[in-house]
Amino acid sequence: MRTSTVRYPFFVWLFFMLVISSPALASFSTTPDRLTRACEVLASRLAPLIPAGSRVAVRAFSSPDRHRTLLGLRVQDLLTGALASVEKRRYRVVERLRIAELDTERMLYGQGRGDDLDAWALKLRAGIIVLGTCSLSGDTLLLHARLVNPETGDSLAAAHTRVEAGRDIRLLASTPAPATATAVAMEAVSPGHGSSSSSRPSRVRLFRMSRGRPVASEPGRPITVKVGEKMGFSVRPPMDCRLYIFNYDPRAGDDQVVFVYPLPRIRPKVFLKDRTYTFPRCVDPRAVSYPVEPPLGRMVFKVIGVDSGTARRSLVSGLGNSRGYYVLDRNDLKGLISRLAVLPEAAWWEESVEFWIVGGIGN
């Protein structure tokens, strides 16, 4: 099920074979509430130590052995949001999208390649960098953070916290971080950092199908499906908007992302606020479900909604569609991020739903 050039037709077929959901079923998150709270605690301890007037950027946390994992990216995102949410703060926080833009440029063009904190911070106009590690010790996750002056390399202050490490946190800690420019950018695309995504209801819901009916996983747990099972998802927009739905494999080597909506031969529609849409039933009433196929590992559906009255230019403008669907590759990344960056924060929203494919039924 991972994306590759030869498998792209499957994703187009996948789009036309989705089934879906009931808005009353439980929402899911692979950002555990206790991890969100731990980052809020860490932010409350760091905030008073940040020099007034500073511009702060958070780097992805690493494991003690310097491996980049999904947990490190999740902590970066949550801590960025928590620092920006501190009341009466005396500093500014660099937006996650701006950090993603810079990281993408470094990967694409080799600008500032390596771990030159000073060069990285200079491009972000950040005078303070938050560096940290996340490590597992028995049943506990330890988060260590320090404030660093990137120009001198001096550590100004440090803060620590700990949280129970359940199955979900262990799964995040054992999942490698994306390595390609496209996947890195897609992981970081978010309209703002003022509040955690866990503080609002899910707008996108993914379900495992059983006997033609959606089956919810345990709330707050990572979604795990077996090869041979069937899945689906629904979308409930918070505003009248145009939807862009991506499917990608964070570990794929081809460095491309497939659009499963919109499609070139189907006229795009405006999706209305607070109405639940079942894909692809709203496009093709004959669609029922799709099977889960190998290889095993993490997969992601990302949905971006842009206010129908704001954006004058479509996010798919100029993208290749010779195969009958749109493909976003590394050459298109800067344009996509630039189009999103100029939109007001309130004019678009994003939500990603991730799931793990495991061994087949009966294994």
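Given the structure is predicted, the values throughout are model-derived calculations rather than measurements.

Conventions and cut-offs
Residues numbered from 1 in each chain as written. Predicted model: local features only at pLDDT ≥ 70, side-chain atom pairs only at ≥ 80, totals over all residues. Heavy atoms only, no water. Helix = DSSP H or I, 4+ residues; strand = E, 2+ residues; numbered from the N terminus. Buried < 20%, exposed > 50% of the residue type's maximum accessible area, 1.4 Å probe, protein only. Areas by Shrake-Rupley, 256 points an atom, 1.4 Å probe, with all protein chains shown as cover. pLDDT = per-residue confidence, 0-100. Contact = heavy atoms within 4.5 Å. Polar contact = N/O pair within 3.5 Å; in protein donor to acceptor, adjacent residues only side chain to side chain. Phe/Tyr/Trp six-rings, centres within 6.5 Å; stacked < 30°, edge-to-face > 60°. Lys NZ or Arg CZ within 6 Å of the ring centre and 35° of its normal. Pairing = 2+ DSSP bridges. Axes fitted to C-alpha atoms, helices over the stretch in contact; angles between N-to-C directions.

> Explain the overall build of the protein to me, and be specific about the residues and the numbers.
The secondary structure content of the protein amounts to eight helices and 16 strands. In the protein, which comprises 363 residues, the proportion classed as buried is 53%. Accessible surface for the protein amounts to roughly 16,100 Å². Of this, 48% is attributable to carbon and sulfur atoms.

> Quick one: what's the story with the confidence of the model for the protein, residue by residue and with numbers?
Residue-level pLDDT values for the protein average 81, and 83% of them are 70 or greater. Taken as a whole, residues 1-29 scores under 50 in pLDDT and shows 121 contacts with residues more than four places along the chain or in a different chain. For the stretch residues 193-198, pLDDT sits under 50, and the model shows 16 contacts to residues farther than four places along the chain or on other chains.

> Could you give me a rundown of the side chain of glutamate 351, with the residues and numbers involved?
Structurally, the position occupied by glutamate 351 is in strand S16 (residues 348-358). Accessibility expressed as a relative area gives 9% for glutamate 351, which makes it buried. A distance of 2.6 Å separates a polar atom in the side chain of glutamate 351 from a polar atom in the side chain of serine 202.

> Describe the packing of aromatic side chains, with residues and values.
This structure, assessed with the given rule, holds six aromatic pairs. With a centroid separation of 5.6 Å and an interplanar angle of 80°, the aromatic rings of tyrosine 261 and phenylalanine 271 are classed as edge-to-face. Within this pair, whereas tyrosine 261 is found in strand S11 (residues 256-261), its partner phenylalanine 271 is found in the loop between S11 and strand S12 (277-278), the two being separated by ten residues in sequence. Cluster of aromatic residues (ring-pair linked, three or more members): Phe233, Phe301 and Phe355. In this structure, arginine 59 is placed above the aromatic ring of tryptophan 120, and the distance from its NZ or CZ to the ring centre is 4.5 Å.

> Quick one: what's the story with the sheet that holds strand S3 (residues 128-137), residue by residue and with numbers?
If you walk across this open sheet you meet the five strands as S2-S1-S3-S4-S5, and the pairing is mixed. At either margin of the open sheet sits one strand with a lone partner, and together these are strand S2 (92-93) and strand S5 (155-164). Two strands pair when backbone bridges link them, and S3 and strand S4 (residues 140-148) are joined in this way by nine bridges, in the antiparallel orientation. Across the sheet, isoleucine 129 pairs through a bridge with valine 148, a residue of S4. Here helix H2 (residues 33-46) sits on the sheet in contact with S3, S4 and S5, set at roughly 155° to S5. Packed onto the sheet, helix H6 (residues 167-174) meets S3, S4 and S5 and runs at close to 115° relative to S3.

> I'd like a description of the pairing of strand S1 (residues 55-58), backed by residues and values.
Going residue by residue along S1, you find Arg55 and Ala57 tucked away on one face and Val56 and Val58 tucked away on the opposite face as well. Where S1 meets S2, two bridges bridge the pair, whose relative direction is parallel. When the sheet's bridge partners are listed, valine 56 is paired in S2 with valine 93.

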